[in-house]
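Coordinates in review
Below are the chains, spelled out letter by letter.
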Amino acid sequence: MADAGVASRRACEEMIQGGLVTVNGEIVREMPVLVDPDEDRIVVDGLALPKRDPRIYIMLNKPSRTVTTNADEPGANRRTVIDLVEHPAAKRLFPVGRLDFETLGLLLLTNDGELANRLTHPSYGVAKTYRVVVRGQLADEDIASLEEGIYLAERKEGKTVGAARTARVQLEIVKRDRDRTTLHLTLKEGRNRQVRRMLAGVGYPVKKLERIAMGPLRLKGLARGEWRELTRDEVRVLRDATRPGKKGAGKGTSGGERGAEPRSERSVGGSGRSGQSSDGRTAAPGRAGATPKRRRPARDR
Ligand code: URA
């Protein structure tokens with residue numbers, strides 16, 4: 001009901017308790033009321049809830065120099081992530097979380113506000129993994145500091161209002177060269193420019209940053225700038241990973257807690273596997289799903 005714009009969640013609960021809501025003709029008062037919004041007829045105070053738009057879930061391999069927003073600031077005229085998705089519903093989708101202008105990789109776009117909230121709210125503790133290339137050879141003591149947590153400034157309305165320690169992260173060195181280190185960093189928080197600030201904080205400027213996984217979802221089979229719909233299986237596994245009550249997920253538990261162990265997650269999104277797209281149509285990873293179009297931008301491949 002709240003998603004359909006009837007009222008706030010709290011007010012909707014009061015309406016249910018007050019006997020104002022029927023499901024398939026029956027008054028419901030006890031919560032939770034489990035309904036299928038696409039199948040069940042829900043009437044609130046005599047008015048039927050309109051059928052909601054079908055849920056759409058898109059994975060984009062974000063190129064650099066692209067803003068994660070639906071509409072850029074007036075006059076800025078930069079390419080947005082929505083510009084890259086030639087899908088009939090693109091204008092109704094919004095990005096799940098934010099990648100910086102220069103950051104590459106896995107970005108989800110959807111019209112499912114509930115799932116988007118669960119994937120991004122720190123209390124659900126959904127892990128995000130980044131492949132990071134930094135300048136310099138990352139020293140063992142700096143790895144230990146990053147894993148343990150470092151203090152990052154907290155800013156509000158352009159002013160520094162204090163500093164907070166980062167939650168535990170997982171860090172794996174992929175390659176150490178003379179002048180650069182490649183690593184995988186997995187974190188469950190999503191503070192502003194967190195990866196760049198953490199690495200810069202211990203003295204290693206980030207040269208390249210790419211998100212390669214979000215919860216159980218992996219970025220595979222999409223060239224830079226390409227997109228596809230998630231398969232039904234991918235959507236199911238994502239929902240499952242954010243189900244309240246799941247270890248490390250749900251209100252009241254903090255997956256970003258210090259010392260929290262990473263949840264073992266079933267990985268989906270690998271290459272070479274095909275399945276059904278989120279609305280039931282066939283989609284193969286690396287190929288456009290519902291709309292047989294995908295675009296590779298001329299820039300930043
Ligand atoms: N951390 C960053 O610093 N930037 C991103 O875009 C995502 C995570």
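Residues numbered from 1 in each chain as written. Predicted model: local features only at pLDDT ≥ 70, side-chain atom pairs only at ≥ 80, totals over all residues. Heavy atoms only, no water.

**Considerations on the overall build of the protein**
How we decide: Put simply, DSSP marks the helices as runs of H or I at least four residues long and the strands as runs of E at least two long, and each gets a number from the N terminus on. For every residue, the accessible area obtained with a 1.4 Å probe (protein chains only) is divided by the maximum for its type, and the residue is called buried under 20%, exposed over 50%, and partly exposed between those limits. By the convention used here, residues are in contact when the closest approach between their heavy atoms is within 4.5 Å. Every accessible area reported is derived by Shrake-Rupley at a probe size of 1.4 Å, with residue values counting cover from the shown protein chains alone.
The helix and strand tally for the protein stands at five helices and 17 strands. In the protein, buried positions account for 46% of the 301 residues. In the protein, the share of contacts with a sequence separation of at least 24, taken over all contacts with a separation of at least 6, comes to 65%. Summing over all exposed atoms, the protein offers an accessible surface of approximately 15,700 Å²; the carbon and sulfur share of this is 47%.

**Some remarks on the site of the ligand**
Our working rule: Nearness here has a simple test: a residue counts as near a molecule or strand if at least one of its heavy atoms is within 4 Å of that partner. Under the rule applied, a polar contact is a pair of N or O atoms within 3.5 Å (in protein, one hydrogen donor and one hydrogen acceptor; residues adjacent in sequence only if both atoms are side-chain atoms). When residues are sorted by character, Ala, Val, Leu, Ile, Met, Phe, Trp, Tyr, Cys and Pro go into the nonpolar class, Asp, Glu, Lys and Arg into the charged class, and all the rest, Gly among them, into the polar class.
Lining the immediate surroundings of the ligand are Leu 99, Asp 100, Thr 103, Tyr 130, Arg 193, Gln 194, Val 195, Arg 196 and Leu 209. Thr 103 is positioned with one of its side-chain polar atoms (N or O) 2.8 Å from an oxygen atom of the ligand. Protein chains shield 95% of the accessible area of the ligand, which is 240 Å² for the free molecule. When residues in the shell around the ligand are grouped by element, the largest group, three residues, is from helix H4 (residues 194-201). Considering only residue class, the shell around the ligand consists of four nonpolar, two polar and three charged.

**What to know about the nonpolar core**
We apply this condition: Buried Ala, Val, Leu, Ile, Met, Phe, Trp, Tyr and Cys residues that are joined via side-chain atoms within 4.5 Å together make up what is termed a nonpolar core. Marked domain ranges trace back to an automatic or database domain assignment.
The biggest cluster of nonpolar side chains holds 34 residues, and the ones touching the most others in it are Leu 109, Val 132, Leu 185 and Leu 199. Breaking this core down by element, the ones donating at least two residues are strand E5 (57-62), strand E7 (104-110), strand E8 (128-135), helix H3 (140-148), strand E12 (180-187), H4 and strand E13 (206-214). Both domains that meet at this core, namely domain 2 (54-127 + 215-254 + 275-301) and domain 3 (131-207), each give it at least three residues. Non-local contacts of Val 132, meaning those with residues more than four positions away in its chain, are made with Thr 181, Thr 182, Leu 183, Leu 185, Val 195, Val 206, Lys 208 and Leu 209.

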